[in-house]
Amino acid sequence: MNQRSTNIACQLAESGFCTGHEPDSMEFSSLGGWVATRASGMKKNIYGNIEDLVIHIKMVTPRGIVEKNCQVPRMSTGPDIHHFIMGSEGTLGVVTEVTIKIRPVPEYQKYGSVVFPNFERGVACLREVAKQRCAPASIRLVDNAQFQFGHALKPQVASIFTSFLDGLKKFYITKFKGFDPNILCVATLLFEGDREKVLQHEKQVYDIATKFGGLAAGEDNGQRGYMLTFVIAYLRDLGLDYYVIGESFETSVPWDRVLDLCRNVKERIVRECKEKGVQFAPLSTCRVTQTYDAGACVYFYFAFNYRGISDPIHVYEQIERAAREEILANGGSLSHHHGVGKLRKRWMKESISDVGLGMLRSVKEYVDPNNIFGNKNLL
């Protein structure tokens, strides 16, 4: 099923509907791909992850067609066969049909942002928002390095007046409120829904942020931060022209380990770069992107200048492998939504146990005994 997500979004919008599912890969991904990779979107707080949206799946396998006999909200018929399909990463068959939930296009949409004196305060705020179950469609917290990076990409102001206003805002935050520009961090917000409810929701979130020292930082910063996610993929390709190699990876982690995991992984990246002969300080940054009752998804970006390194791809792979090992050592998952593929399957036994891995292999052997779908993902 190669129905591009952008085509689906446009077709639904013509009739006043949406899926609400907006992964970072929105421009290039497909509905079948969302299912096969067990995808998550930036607005999952309202619309859910792909497993929350799916009603029905049909998959063609070497053994035949796999599907349920009805489209109902819930069944108690043993383990859910949809969960054999979602996240199978092309190892069992081809997803040919998917039925998912849709909703009316939200009446009102509003961006926002909050600046916090430090990352610790920001994480505490997001945890409280999750605890009160009042997260907006999207709430994402970027650390200081990512804030600085995003600020460097900010378009040049068009007028002296705008420049003056920006200067006043910076003065208020750094001088009057005492925020250190080298420590502060920013949360970007996106609210969607009925206008009156959005405004009530917005007040509730900002009131919580205030208790953790947060200051409202405006709609423009929120929208720019939200859109930066789509831009970064292009920056990665652009960087190769300037001897810079970089990538993103992610994990999910319990709330009580978020801070330690973020700090330790970023420090590990810096340390590994130095040990591998990288001459210049790398970019090592993170953001908390999705929140849950029990924890959060954390995204890491890292990049380094590979001048003077004979095999930068090998060095990159070593550094990413070390970072992944650090994530697991700090209580993080192998992946929140990027999946396993070929690069991370070495840690599958550690992640789901020897018996768990054996169960997956047994399904593979029964459904595809001749390994027709032998893409070497996952197992």
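Numbers given for residues are sequential positions, taken from 1 along each chain in its written order. Local features in this predicted model are restricted to residues of pLDDT 70 or higher, and side-chain atom pairs are both shown and tallied only at a pLDDT of 80 or more, whereas totals for entire chains, interfaces and linings draw on every residue. Side-chain metrics rest on all non-hydrogen atoms present in the structure, leaving aside hydrogens and water.

**Some words on the overall build of the chain**
In DSSP terms, a helix is any run of H or I states spanning at least four residues, a strand is any run of E spanning at least two, and both are numbered starting from the N terminus. Counting its secondary structure elements, the chain contains 14 helices and 12 strands. For the radius of gyration, the atoms used are the C-alpha atoms, and the globule rule reads 2.2 Å times the number of residues raised to 0.38. Relative to the compact-globule value of 21 Å for 379 residues, the chain shows a C-alpha radius of gyration of 22 Å, a close match. With the principal axes as the frame, the chain shows a C-alpha extent of 70 × 55 × 40 Å. For the chain, the accessible surface area stands at approximately 19,700 Å², while carbon and sulfur atoms represent 54% of it. Taken as two groups, the 46 positive and 42 negative side-chain charges of the chain have centres that lie 2 Å from each other. Residue-level accessible areas treat just the shown protein chains as cover; the underlying method is Shrake-Rupley with a 1.4 Å probe. A residue counts as positive if it is Lys or Arg and as negative if it is Asp or Glu; His and the chain ends are not included. Think of each charge as sitting on NZ of Lys, CZ of Arg, CG of Asp or CD of Glu.

**Details of the pattern of salt bridges**
What counts as a salt bridge is simple: a side-chain nitrogen of Lys or Arg found within 4 Å of a carboxyl oxygen of Asp or Glu. The final tally for this structure, using the stated rule, is 18 salt bridges. Its salt-bridge partner being Lys110, residue Glu202 comes within 3.2 Å of it at the nearest N-O pair. Here the residue Glu202 occupies a position in helix α9 (residues 195–211), and Lys110 occupies one in strand β6 (residues 108–116), the gap between them amounting to 92 residues. Note on classification: 1.4 Å probe, protein chains only; a residue is buried when its accessible area is under 20% of the maximum for its type, exposed when over 50%, partly exposed between these limits. We classify Glu202 as buried; its relative accessible area is 12%. Residue classification places Lys110 among the buried residues on the basis of a relative accessible area of 15%. Residues participating in the shared-partner salt-bridge network are Arg268, Glu272, Lys276 and Glu326.

**Notes on helix α12 (residues 312–329)**
Over its 18 residues, α12 extends 26 Å from the first C-alpha to the last, a length consistent with the 26 Å expected when each residue adds 1.5 Å. Of the surrounding elements, those touching the buried residues of α12 are β10 (244–254), α11 (258–275), β12 (295–305) and α13 (348–352). The positive-phi residue at the C-terminal boundary of α12 is Gly331, with phi of around 90°. By this rule, a helix spans an expected 1.5 Å times one less than how many residues it contains. In what follows, a contact means two residues having at least one pair of non-hydrogen atoms within 4.5 Å.

**Comments concerning helix α6 (residues 119–131)**
Along an α-helix, residues three or four apart share an orientation, since each turn contains 3.6 residues. Over its 13 residues, α6 runs 18 Å from end to end, which matches the ideal 18 Å to within 8%, given 1.5 Å per residue. The residue sitting at the N-terminus of α6 and contributing the capping side-chain oxygen is Asn118; that oxygen lies 3.2 Å from the backbone nitrogen of Glu120. With its phi angle positive at about 50°, Arg133 sits one or two positions after the end of α6. Pairs of N or O atoms within 3.5 Å make up the polar contacts considered here, provided that, within protein, one atom can donate a hydrogen while the other can accept it, and that residues adjacent in sequence are counted only when both atoms are side-chain atoms.

**Focus on the confidence of the model for the chain**
Per residue, pLDDT captures the predictor's confidence, and it can take any value from 0 to 100. Taken as a whole, the chain shows an average pLDDT of 91; of its residues, 93% reach a score of 70 or greater. Across residues 159–165, where pLDDT falls below 50, the model places two contacts with residues more than four positions away in sequence or in other chains.

**Topic: the sheet that holds β6**
Paired strands, in this sense, are two strands between which DSSP finds at least two bridges. One open sheet holds the seven strands; their spatial order is β9-β6-β8-β7-β11-β12-β10, and the pairing between them is antiparallel. Two strands close off the open sheet at either side, each with one partner strand: β9 (215–216) and β10. A fitted line through C-alpha atoms represents every axis, and for helices the fit uses only the stretch in contact; the resulting angles, taken between N-to-C directions, go from 0 to 180 degrees. Along the sheet, α9 makes contact with β6, β8 (185–193) and β9, crossing β6 at roughly 5°.

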